[in-house]
Amino acid sequence: MHAAEKKPNVLFLVSDDLNNFLGCYGDPRAKTPNLDKLAARGMRFDRAYCSFPLCGPSRNSLLTGLYPNSTGILGNQQIFRQTIPSQLSMPQAFRLAGYFAGRIGKLYHYNVPNSIGTNGHDDPGSWELEINPAGVDRLEEEPKIFSLTPGQYGGALSWYASPKSDEFHTDALMADDAAWILERRAQKNDRPFFLAVGFYRPHTPYVAPKDPYFGYYPEGEMPVVAGVKEDQADLPKAALGSHKPDQDKLTDDLRRQCVQAYYASISFMDAQVGRVLDALEKNGLADDTIIVFTSDHGYHMGEHGLWQKMSLFEESTRVPLLIVAPGVTKPGSVAAAPISQVDLFPTLAELCGVDAPKNLQGESLVPLLKDPAAKSRGWALTQVVRGGGALGRPTVTRDVGSEGKQFFGYTLRTPRWRYTEWDEGRAGRELYDHDNDPKELKNLAEEDAHSSTVAELSHQLRAAAKQTFPPSGETPKIQPGLWVPNLLAP
Ligand SMILES: [Ca+2]
Ligand SMILES: [Ca+2]
């Protein structure tokens, strides 16, 4: 193939449970020099949102370009091959277009830390090469990890300042593997590549080398969110439904340690991103490679009294998104339009001239990449499930709330507002004015002065939610007998 005909490569970097605690997003504490440098090279999306603030549903959605109501995946431990088996995933579409597609670490859902070093709930059809390293964080250090629920590390708040340096940890081993693949790809230079690297940090347990990363964040200087009781007074119960009982054990000292370890894990992950980007540069690939960096959903560090994910507040739904597209994005550009991660598949397909399935539900961000003021959809929709065991086996249904078994929360983000309905409003509504209340502290939904805004946004939210279902009218369900992914370390 002649160089002129060659399609661009894609380096797709995704972090796990990372919110916007990054220097390039204005965080006052974060030491993230590599991601800051990446943001300066291309476009930073300031209002990027996941479709569902939980690993499995979000990743299935992002990698298929379909909302969770169309993948049928509303919980972890499941994959879209069990619900919509013939749908092409994004990396699979690239493979069919002649790309080398490789995966290192967590792209589809994994139980962290137990599935580190395995294929997790992977989709083999998406890749021709999969690499699953495991470092000391998985293999040696678990007995030393502090956890709010002793013995549990993935769901419970848990952390450890490791005495072992970077090169022993899983995310650093993944950066090594990425560098190796990039070198091989540059040598062979036969096909373009789609290389996906899924870092595990800063997902719990927050394990990172003590030196230097914990030292960047002195425990006594870590913030503790104040005024939680007053803030919660105007909230429907469902808005706080992601609270876990063991989090009542948190003292302010533990909160500060938790925040410190979360930040330390972010800086450690940032250093590994830097090593992958250095390898891209060193192998002469940077000018021909589109770089995407994002996370699978946002994360709470005590805002509204919440920790981790599964809420519909800004902190849990918003994700970092940086895109460098050589010849398309301008250095240091910023897009303020609300966008969704379902938009990534159509975007990369357009940038690379790859045929995408016709049923994708997002829209290409290429106009925004060229001009951040370009017209776009103007909203992003995120959903979650409450009741009926939201972390168990929720199912897609249009009859939400019926029989009191489970109900959906939907939240719509526009440039100015966040509007949320729980069980179509029957279990509460929330309205926040981001022009005046970026922390979403004052719920305006029941105030007369805002009734016309609520009516308008409610109409818009329901129209948007309708678009998240497949046009056939059939809601996807787990089909018995279909391939069940290879599981799992105990
Ligand atoms: Ca996650
Ligand atoms: Ca409030």
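Everything here concerns the structure above.
Before going into details, it helps to say that this report is about the structure given with it.

Rules of the game
- Residues numbered from 1 in each chain as written.
- Chains lettered and ligands numbered in written order.
- Predicted model: local features only at pLDDT ≥ 70, side-chain atom pairs only at ≥ 80, totals over all residues.
- Heavy atoms only, no water.
- Pairing = 2+ DSSP bridges.
- Helix = DSSP H or I, 4+ residues; strand = E, 2+ residues; numbered from the N terminus.
- Contact = heavy atoms within 4.5 Å.
- Axes fitted to C-alpha atoms, helices over the stretch in contact; angles between N-to-C directions.
- Donors = N, O, S within 2.8 Å, 3.2 Å for Na, K, Ca; no water.
- Tetrahedral: all angles 85-135°; square planar, octahedral: opposite > 155°, others 65-115°.
- Buried < 20%, exposed > 50% of the residue type's maximum accessible area, 1.4 Å probe, protein only.

1. A look at the sheet that holds strand 8 (residues 206-209)
And step 1. The strand order across the open sheet formed by three strands is 5-6-8, and the pairing between neighbours is mixed. Single-partner strands in this sheet number two, and they are strand 5 (146-147) and strand 8.
And step 2. Looking at chain direction, strand 5 and strand 6 (residues 158-162) are connected through two bridges and run antiparallel. Residue pairing across strands places Phe146 opposite Trp159, the latter belonging to strand 6.
And step 3. Helix 9 (residues 252-282) contacts strand 5, strand 6 and strand 8 of the sheet and is inclined by roughly 60° relative to strand 8.

2. Brief notes about the coordination of the calcium ion (ligand 1)
Tetrahedral coordination by four donors sets the ideal angle at the metal to 109.5 degrees; octahedral coordination by six donors sets it to 90 or 180 degrees.
And step 1. Protein coordination at the calcium ion (ligand 1) comes from Asp16 (OD), Asp17 (OD), Cys55 (SG), Asp296 (OD), Asp296 (OD) and His297 (NE2), with a distance range of 2.2 to 2.7 Å.
And step 2. Geometry at the calcium ion (ligand 1) is irregular, judged from the six donor atoms that bind it and their angles of 52 to 154° at the metal.
And step 3. Read N to C, the donor residues that coordinate the calcium ion (ligand 1) are spaced as D-D-x37-C-x240-D-H. Of this pair, Asp16 sits in the loop between strand 1 (9-15) and helix 1 (33-41) while Asp296 sits in the loop between strand 9 (289-295) and strand 10 (300-301), and the two are 280 residues apart along the sequence.
And step 4. On the basis of relative accessible area, Asp296 is assigned to the buried category, the value being 0%.

3. With respect to unusual backbone geometry
Peptide bonds are, in most cases, trans, and in most cases residues other than glycine have a negative phi.
And step 1. A cis geometry characterises the amide bond from Arg201 onward to Pro202, with omega recorded as 15°.
And step 2. Here Pro202 is to be found in the loop between strand 7 (193-198) and strand 8.
And step 3. Going from Thr204 to Pro205, the amide bond is cis rather than trans, its omega being -10°.
And step 4. In this fold, Pro205 is placed in the loop between strand 7 and strand 8.

The values are spatial; any link to function lies outside them.
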